[in-house]
Amino acid sequence: MTTDGMLRLHVLRQGAPDRLPLVLLHGFPLDHRMWLDVTDLLPGDPTVLAPDLPGFGASPAGEDVAEALGAPTDAPSLDVAADAVAAALQDAGVERAVVAGLSMGGYVAMALLERHPGLVAGLGLIDTRSTADDDAARARRLDVAATVLAEMRVDAVFGMRTAVLGATNRVARPDLVDRIEGWIRDQGPAAVAWAQRAMASRPDRTEVLAGFDGPAVVVVGEEDELAPPPAAEHMVDVLRDVELTVVPRAGHMTSNESPEPVAAALAGLLRRAQA
Ligand code: MLT
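Overview of the structure. The structure displayed is predicted, hence computed values, not measured ones. (Residues numbered from 1 in each chain as written. Predicted model: local features only at pLDDT ≥ 70, side-chain atom pairs only at ≥ 80, totals over all residues. Heavy atoms only, no water.)

A few words on the environment of Glu-95. By secondary structure assignment, the location of Glu-95 is in the loop between helix H3 (78-91) and strand E4 (97-102). According to the relative accessible area criterion, Glu-95 is exposed, its value standing at 69%. Here the alpha-carbon distance between Glu-95 and Ala-121, two residues 26 residues apart in the chain, equals 9.8 Å. Beyond its immediate stretch of four places on either side in the chain, Glu-95 contacts Gly-118 and Leu-119. (Helix = DSSP H or I, 4+ residues; strand = E, 2+ residues; numbered from the N terminus. Buried < 20%, exposed > 50% of the residue type's maximum accessible area, 1.4 Å probe, protein only. Contact = heavy atoms within 4.5 Å.)

As structure tokens, then:
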């Protein structure tokens, strides 16, 4: 992979070199900044790395990342995102890490587990699901992709600034609505379209989780309407060494609605993976 096609890998904390790093994968349509509330709270001395996924934040477009990887440029895929994360980690000298992702980041973490199993020493699945989209969800994503490209603006996903919050925080946290809207406004239509098409084509990865014998955590907001608690329980049912955290009065963005239990779950996962 050339430097031009490399994901931007942000070092959110520089910890002890002898400890496993924590890799955090962001949700849609955001970038690595959504993790800052959590990383400020992590105890101990972990190194925390957070890439911007293809097209988001400071990373190159999905098509450019695919080209740099020698993958098809006309078929957006989270496999490309996962391979690009693996390449960025390899470039940073990381051979093994605890990998955690929220929602779309969780889909990429599962693709990484399938495609680069030796890299994953522990797995954090936050407000995400292992199942594929149904036909209606897939069609909605393709519509959104076509709309943002036709309009050359990301207004079609502004609704996510409230949809990602739980019913409690939609009312109680206007500050969070504003922050999330700001993050969404910073992303481009090409990134939104590429990611929607990539998510639409992702397979069911429940069996990949069933084959993982390392430590895992599943975290879900009790008010998450996008990847609700039954989706979390479905993953917990198949993982072999897993701890579940249900976060009260939080929706899909537990990382920002209630970062303390998310940081605690990730700190526990790092301890178990290190043991
Ligand atoms: C996310 O938060 O990343 C999205 O809800 C993922 C999705 O659209 O499935």
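Having seen the structure, we can now continue with the description.
Right, let's get into the sheet that holds strand E1 (residues 9-13). Read across the open sheet, the seven strands follow the order E1-E3-E2-E4-E5-E6-E7; overall the sheet is mixed. Where the open sheet ends on each side, the last strands, each with one partner, are E1 and strand E7 (241-247). On average, adjacent strands in this sheet sit at an angle of 20 degrees to one another, irrespective of strand direction. Packing of helix H4 (residues 104-115) onto the sheet brings it into contact with strand E2 (22-25), E4 and strand E5 (120-126), and relative to E4 it is tilted by some 145 degrees. Along the sheet, helix H13 (residues 259-274) makes contact with E2, E4, E5, strand E6 (215-221) and E7, crossing E6 at roughly 175 degrees. (Pairing = 2+ DSSP bridges. Axes fitted to C-alpha atoms, helices over the stretch in contact; angles between N-to-C directions.)

Taken together, Gly-27, Phe-28, Ser-103, Met-104, Tyr-107, Arg-141, Met-160, Met-199, Leu-226 and His-252 make up the full set of residues adjacent to the ligand. A distance of 2.9 Å is found between an oxygen atom of the ligand and a backbone nitrogen or oxygen belonging to Met-104. Protein burial of the ligand: of its 270 Å² of free accessible surface, 90% is covered by the chains. In terms of residue class, the shell around the ligand is built from six nonpolar, three polar and one charged. (Near = heavy atom within 4 Å. Polar contact = N/O pair within 3.5 Å; in protein donor to acceptor, adjacent residues only side chain to side chain. Areas by Shrake-Rupley, 256 points an atom, 1.4 Å probe, with all protein chains shown as cover. Nonpolar A, V, L, I, M, F, W, Y, C, P; charged D, E, K, R; others polar.)

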